[in-house]
Amino acid sequence: VQVSLDDDCDVTITYQMMLEGEIPTCSPGATVEILGVNGQILSTSPRVTRANIGQTLTVRIRYGANSCWGKIKIEDKLPPVIDCPPVDTLGCYDERVILKPVAVDNCRNPLPENMVSILSDSTITDLPCASYYRAIRHIRYQARDSVGNLSEICRRTVYYRRITLDSV
């Protein structure tokens, strides 16, 4: 069974996830145990977390004197979320540095800056003389988490104001 981590970066494994066919509705005595590769119970709770991504684990379900086993493959299929900055307007000689946006994974952990890539960065400078702006810069970013999931593309626009005679 493939198990994908949720928005909180964990999943509780239930016997309903593992059993096929007619499942007794009154099974309060059923217990779920997650076993590591050494056959030992990983924890007292049948939860898998970020620490288990990529692992194939054994799940044992005990119901009275009976038990059965199955395998689960833990995956993270949720893409990171990138916080795309709003449109910005700067003066022509403004020295502020345009920083990469921040991205977080489904565990709400900030991704390192090197996991946010610039897909394109172009500046349009041939604007008409009557334009309020001297240039318009378009930057596209995308984040990739540690298992290769990609965020939506962030499109950022920066406008550079034209210097007018009144501002000199």
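This text goes with the structure placed above it.
None of these values were measured; they are calculated from a predicted model.

(A) Highlighting the state of the cysteines. Applying the stated criterion across every chain yields a total of one disulfide. Here Cys 84 pairs with Cys 154 through a disulfide, and the sulfurs are 2.0 Å apart. The sign of the 80 degrees torsion about the S-S bond sets the Cys 84-Cys 154 disulfide as right-handed. On the criterion of sequence distance, the pair formed by Cys 84 in the loop between β7 (81-83) and β8 (88-91) and Cys 154 in strand β12 (residues 154-161) is long-range, its members being 70 residues apart. On the accessibility criterion, Cys 84 (31% relative accessible area) is partly exposed. The class for Cys 154 is buried, based on a relative accessible area of 2%.

(B) Main features of the sheet that holds strand β3 (residues 31-35). Sheet architecture is open: four strands sit in the order β1-β6-β5-β3, paired in mixed fashion. Only two strands of the sheet have a single neighbouring strand rather than two, namely β1 (2-4) and β3. Between one strand axis and the next, the sheet turns by 35 degrees as a mean value, whatever way the strands run.

(C) Looking closely at the nonpolar core. Ranked by internal contacts, the top residues of the largest apolar core, which has 17 residues, are Val 3, Ile 13, Val 48, Val 59, Ile 72 and Ile 74. When residues in this core are grouped by element, the largest group, three residues, is from strand β5 (residues 56-63). With sequence-adjacent residues up to four places away left out, Val 48 is seen in contact with Val 3, Leu 5, Cys 9, Asp 10, Val 11, Ile 13, Ile 34, Leu 57, Ile 72 and Ile 74. Counting residues in each nonpolar core, the second largest holds 13 residues, with Ile 82, Ile 98, Cys 154 and Tyr 160 among its members.

(D) Just the sheet that holds strand β11 (residues 133-143), in detail. In space, the four strands of this open sheet follow the order β8-β12-β11-β10, with mixed pairing throughout. Each edge of the sheet is formed by a strand with only one pairing partner; in this case those strands are β8 and β10 (116-124). Shown here is a sheet whose adjacent strand axes are inclined to one another by a mean of 20 degrees, direction ignored. Note that β10 and β11 share eight bridges and pair antiparallel. The residue bridging Ser 122 from the neighbouring strand is His 138, located in β11.

Each value, and the rule that gives it
- Residues numbered from 1 in each chain as written.
- Predicted model: local features only at pLDDT ≥ 70, side-chain atom pairs only at ≥ 80, totals over all residues.
- Heavy atoms only, no water.
- Disulfide = S-S within 2.5 Å.
- Helix = DSSP H or I, 4+ residues; strand = E, 2+ residues; numbered from the N terminus.
- Buried < 20%, exposed > 50% of the residue type's maximum accessible area, 1.4 Å probe, protein only.
- Pairing = 2+ DSSP bridges.
- Axes fitted to C-alpha atoms, helices over the stretch in contact; angles between N-to-C directions.
- Core = buried A, V, L, I, M, F, W, Y, C linked by side-chain atoms within 4.5 Å.
- Contact = heavy atoms within 4.5 Å.

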